[in-house]
Number of protein chains: 2
Amino acid sequence: MGKVFGRVSDGVFRQEVPVELRQLRYFVAVAEERSVTRAAARLHITQPPLSAQLARLEHEVGVPLLGRHNRGVELTEAGEELLVHARRLLAGVDAATDAVRRVGQGRTGRLGLAFVAASAWSVLPPLLAQLRADLPDVTVDLVQAGPDEVVEHVRAGRCDLGLVHLLPQPPVDRDLDVAVVDREPLVAVLPRAHPMASGERADLASLAAETFLAPTRTPRGALHPHLVAACRLAGFEPDVREVGLAQTVVAFVGAGLGVSVLPASAGSVCGEGAVAVPLRLNAPVVETALVRRRGSAPSPVTRRFLRLAMSTPEPDVLGPALARRPRS
Amino acid sequence: MGKVFGRVSDGVFRQEVPVELRQLRYFVAVAEERSVTRAAARLHITQPPLSAQLARLEHEVGVPLLGRHNRGVELTEAGEELLVHARRLLAGVDAATDAVRRVGQGRTGRLGLAFVAASAWSVLPPLLAQLRADLPDVTVDLVQAGPDEVVEHVRAGRCDLGLVHLLPQPPVDRDLDVAVVDREPLVAVLPRAHPMASGERADLASLAAETFLAPTRTPRGALHPHLVAACRLAGFEPDVREVGLAQTVVAFVGAGLGVSVLPASAGSVCGEGAVAVPLRLNAPVVETALVRRRGSAPSPVTRRFLRLAMSTPEPDVLGPALARRPRS
DNA sequence: CCTTGCCCATATGTCCGACGTATGGCCAGC
DNA sequence: GCTGGCCATACGTCGGACATATGGGCAAGG
């Protein structure tokens, strides 16, 4: 063991042979078995290489760790000290790999999610509930914003995902990935006192003379174009008045200021004064989608969340949603 | 690298390839350099094996840790997580080896030390002071006891070391190691009013008629036999009265109950009524020694303390003490 | 006292894996 | 389109980790 050259005094000839985890694992086994032979059996190796690793470890640390007898080995004080540290370190390695694995699998982490207000009526709550149930260690940073701001947040990387309604003819965004997570038919939103409010189905064409209330028109705002498109499909050009958010539209309809055409989920917030009535035929569909910046790879949490959103059967008025694009 | 059989999907074929510290060290270097090539240079290896180790680590953890570009690499979220853990673990390994080394070198630990009361006047205080100065992280468990109990504590392994006076003709203890740490001449202890108390030197023979006070006689008690031996050397058999500990002897002498012969250090506790006077000639010497059980190897702290005690020039009335038995 | 048994250390051969050299592919910048 | 930088792959080499075989030392038992 002792080299012919070099003093035995500690520190000399410590030629940078770092400690390895294998040695710590072996040492713990030997310490627990109080025997090299039994430890070797437990480690599924033979005794000589285990002895060699122990000698190596002792050389690296620079102090004897084991007292050898003919009945086995005993720990020196330094060995007892090392045993405590080694157990802690090995447990730390396991915990670390677990933590890293969890992050890598998206089971731990943060998700920045921008969404338009209207989605809080429909897809967002069940999505978040599912997320909390499946991935309790994922923190969601929610940002409510208008449609344009949502897309801008995603483009700028400030949010991982955005939740918006798609336009009737969605533009091709080269830099965005789009995944539809919900489809809703449009419905007529009428004052409770309206003659058509009590009917099973509403005939859009017969509303042609009414004042139509719509959310504010913006480049990415989809509800306004959907309203206009629905009216045109029914054969007339609506008299549109912009009043802000969809929820404001519903409130104004309730106040008798006009009628509107909105996604079906708007019916859940109609309150006292307004009612939602399905359209008689050819009800256009509004798609709600998650958008993601395409440039960089999605974070593990993002991937996981997307998988969740695509695999979850959404409450879909039309029927089972088509899960698009299982993986890129 | 990939075997012909087995899917590439993660998790399959995780055939128990544990993470090694080398990989963590490499990974930290790469993470810090944000470049495999630069990290390889820093690690004094070439780039390909470093890439291989990284791939191996990623395979073992099961999730990608690095995003590769043509300008270098970037950490994934899992990589960032691992970086934190890896730094902590590597620092933990260094701290652990340091701690173990300290224990192994006796720079940290506990020392059980039994001692006789009289040694607290002479060798013990400077020894403890030296210990606190040189090895501040060593805790000393002090046990004061009679000579027999001290030896018994050491024999039973309850104390690492014992500090006792040696008998005039010390018995050969097969199972004990003895290291003399101090030599003191015997002195006469006289009442201040005693005719001989004012002299430079005391003539023991002329005290032959006095009552001699001595510590209680026990098998290992050395002071009583030393007193008797000194008197016999002076040519008379003393009239001895046992009164307990050496400090009691001094107090009784001060009270005028008799005279005594004790190690020179007794003079430092004589107080008002008693004085210590060197003997005229042939003053016998009392040796104070550390005793240790021979059976088992001494603990690192014990070794270190013994080295300290042997190397320290003790305040020796005779002159430089002979350091006996540097190592067994 | 000698034998037996157990356990750890040493010697030696084999093989995997860590490393080095050479090379290819990919992407940015000129 | 060419160049340069960077990472991955291919392949040969060598050290080290492991297995087999053997030696030595101590305790228990004859």
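Up top is the structure these notes are about.
All values derive from a computational prediction rather than experimental measurement.

Undergrad: Sorry, what's going on with the overall build of chain A here?
TA: A tally of helices and strands in chain A yields 9 helices and 11 strands. When burial is assessed residue by residue, chain A has 46% of its 328 residues classed as buried. Contacts spanning at least 24 positions in sequence make up 75% of the contacts within chain A whose residues lie at least 6 apart.

Undergrad: What should I look at first to understand the interface of chain A and chain B in this one?
TA: Note on interface size: it is often stated as the accessible area lost on association of the parts. Contacts between the two partners involve 31 residues from chain A, matched on the other side by 30 residues from chain B. When the two sides are added together, the surface that chain A and chain B hide from each other amounts to roughly 2,700 Å², 68% of it contributed by carbon and sulfur. Taken together, the connections running from chain A to chain B amount to 2 salt bridges. In this structure, B:Glu20 engages A:Arg25 in a salt bridge whose closest nitrogen and oxygen atoms are separated by 3.7 Å. Scanning the region where chain A abuts chain B turns up 11 residue pairs in polar contact (both at pLDDT 80 or more). Mapped onto the side of chain A that touches chain B, the elements with two or more residues apiece are α1 (21-33), α3 (47-61), α4 (77-104) and α9 (300-311) of chain A. Among the elements that make up the side of chain A that touches chain B, the one with the highest residue count is α4(A) (15 residues). Each residue belonging to the side of chain A that touches chain B can be placed in one class, and the counts come to 16 nonpolar, 6 polar and 9 charged.

Undergrad: I'm lost on the relation of the copies chain A and chain B in this one. Help?
TA: The operation relating the two chain copies consists of a rotation about an axis and a shift along that axis. For the pair chain A and chain B, the superposition axis carries a translation of 0.0 Å, the fit reaches an RMSD of 0.1 Å, and the rotation angle comes to 180°. Those values place the two copies in the arrangement expected of a two-fold rotation axis. When you check the interface residues of chain A against chain B, 97% turn up at the interface there too, and the contact is symmetric in its surfaces.

Undergrad: Looking at this structure, how should I read the protein's contact with DNA strand D?
TA: Taken together, 21 residues form the shell around DNA strand D, and within it A:Tyr26, A:Thr46, B:Thr37, B:Ser51 and B:Arg68 come nearest. Among all atoms of DNA strand D positioned within 4 Å of the protein, those belonging to sugar or phosphate total 73%. One of the backbone N or O atoms of A:Thr46 is found 2.6 Å from a phosphate oxygen in DNA strand D. One nitrogen or oxygen atom from the side chain of B:Gln47 is found 2.9 Å from a base nitrogen belonging to DNA strand D. Sorting elements by how many residues they give to the surface near DNA strand D places α3(A) first, with 4 residues. Looking at the surface near DNA strand D residue by residue, the class counts come to 7 nonpolar, 11 polar and 3 charged.

Undergrad: Looking at this structure, I do not really get the protein's contact with DNA strand C. What am I missing?
TA: The local shell around DNA strand C holds 21 residues, among which A:Thr37, A:Ser51, A:Arg68, B:Tyr26 and B:Thr46 are the closest. Among all atoms of DNA strand C positioned within 4 Å of the protein, those belonging to sugar or phosphate total 75%. The backbone of A:Asn70 places a nitrogen or oxygen atom 3.1 Å from a sugar or linking oxygen of DNA strand C. Looking at the surface near DNA strand C, the elements with two or more residues in it are α2 (36-42) and α3 of chain A together with α1 (21-33) and α3 (47-61) of chain B. Residue contributions to the surface near DNA strand C peak at 4 residues, all from α3(B). Split by residue class, the surface near DNA strand C holds 7 nonpolar, 11 polar and 3 charged.

Undergrad: I keep staring at the nonpolar core and nothing clicks. Help me out?
TA: Soluble, globular proteins show a tendency: their nonpolar side chains are buried together. One finds A:Phe27, A:Leu65, B:Phe27 and B:Leu65 to be the most contacted residues of the largest nonpolar core, which totals 62 residues. The contacts of B:Leu65, once residues within four sequence positions are left out, are A:Val100, B:Phe27, B:Leu57, B:Glu58, B:Glu74, B:Leu75, B:Thr76, B:Ala78, B:Gly79 and B:Leu82.

Undergrad: Explain the environment of A:Arg88 here, please?
TA: Inspection of the secondary structure assignment puts A:Arg88 in helix α4. A polar contact of 2.9 Å, which involves the side chain of A:Arg88, links it to the side chain of A:His85.

Undergrad: Any chance you could explain the pattern of salt bridges here in plain terms?
TA: Pairs may arise between side chains of opposite charge once their charged atoms sit close together. Counted according to the given criterion, the structure contains 36 salt bridges over all chains. The shortest N-O distance in the salt bridge between A:Arg155 and A:Asp173 comes to 3.3 Å. With a gap of 18 residues between them, A:Arg155 in helix α6 (residues 147-155) and A:Asp173 in the loop between β5 (161-165) and β6 (176-191) connect regions that are remote in the sequence. Judged by its relative accessible area of 29%, A:Arg155 is partly exposed. Classification of A:Asp173 by relative accessible area gives buried; the value is 17%. For B:Asp175, the salt bridge goes to B:Arg155, with nearest N and O atoms at 2.6 Å. Taken together, the residues B:Asp175 in the loop between β5 (161-165) and β6 (176-191) and B:Arg155 in helix α6 (residues 147-155) connect sequence positions 20 residues apart. Several salt bridges share partner residues, and in doing so they unite A:Glu32, A:Glu33, A:Arg38, A:Arg42 and A:Arg87 into one network.

Undergrad: Could you clarify how one ought to interpret the packing of helix α5 (residues 124-134) of chain B against helix α9 (residues 300-311) of chain B in this entry?
TA: Geometrically, a packed helix pair is captured by the angle between its two axes and the distance between the axes. Residue and element names in this part refer to chain B. Put simply, α5 and α9 touch, their axes get as near as 10 Å, and they point 120° apart. Comparing the axis directions of α5 and α9 gives the class oblique. α5 and α9 meet at a crossing whose hand is right-handed. For the pair α5 and α9, contact is made by Leu-127, Gln-130, Leu-131 and Asp-134 and by Phe-305, Leu-308 and Ala-309, respectively.

Procedures and definitions
Residues numbered from 1 in each chain as written. Chains lettered and ligands numbered in written order. Predicted model: local features only at pLDDT ≥ 70, side-chain atom pairs only at ≥ 80, totals over all residues. Heavy atoms only, no water. Helix = DSSP H or I, 4+ residues; strand = E, 2+ residues; numbered from the N terminus. Buried < 20%, exposed > 50% of the residue type's maximum accessible area, 1.4 Å probe, protein only. Contact = heavy atoms within 4.5 Å. Buried area = accessible area lost by both parts, 1.4 Å probe. Salt bridge = Lys/Arg side-chain N within 4 Å of Asp/Glu carboxyl O. Polar contact = N/O pair within 3.5 Å; in protein donor to acceptor, adjacent residues only side chain to side chain. Nonpolar A, V, L, I, M, F, W, Y, C, P; charged D, E, K, R; others polar. Least-squares fit on C-alpha atoms with pLDDT ≥ 70 in both. Near = heavy atom within 4 Å. Core = buried A, V, L, I, M, F, W, Y, C linked by side-chain atoms within 4.5 Å. Axes fitted to C-alpha atoms, helices over the stretch in contact; angles between N-to-C directions. Parallel < 35°, antiparallel > 145°, perpendicular 65-115°, else oblique. Left-handed = near helix turned anticlockwise from the far one by under 90°.

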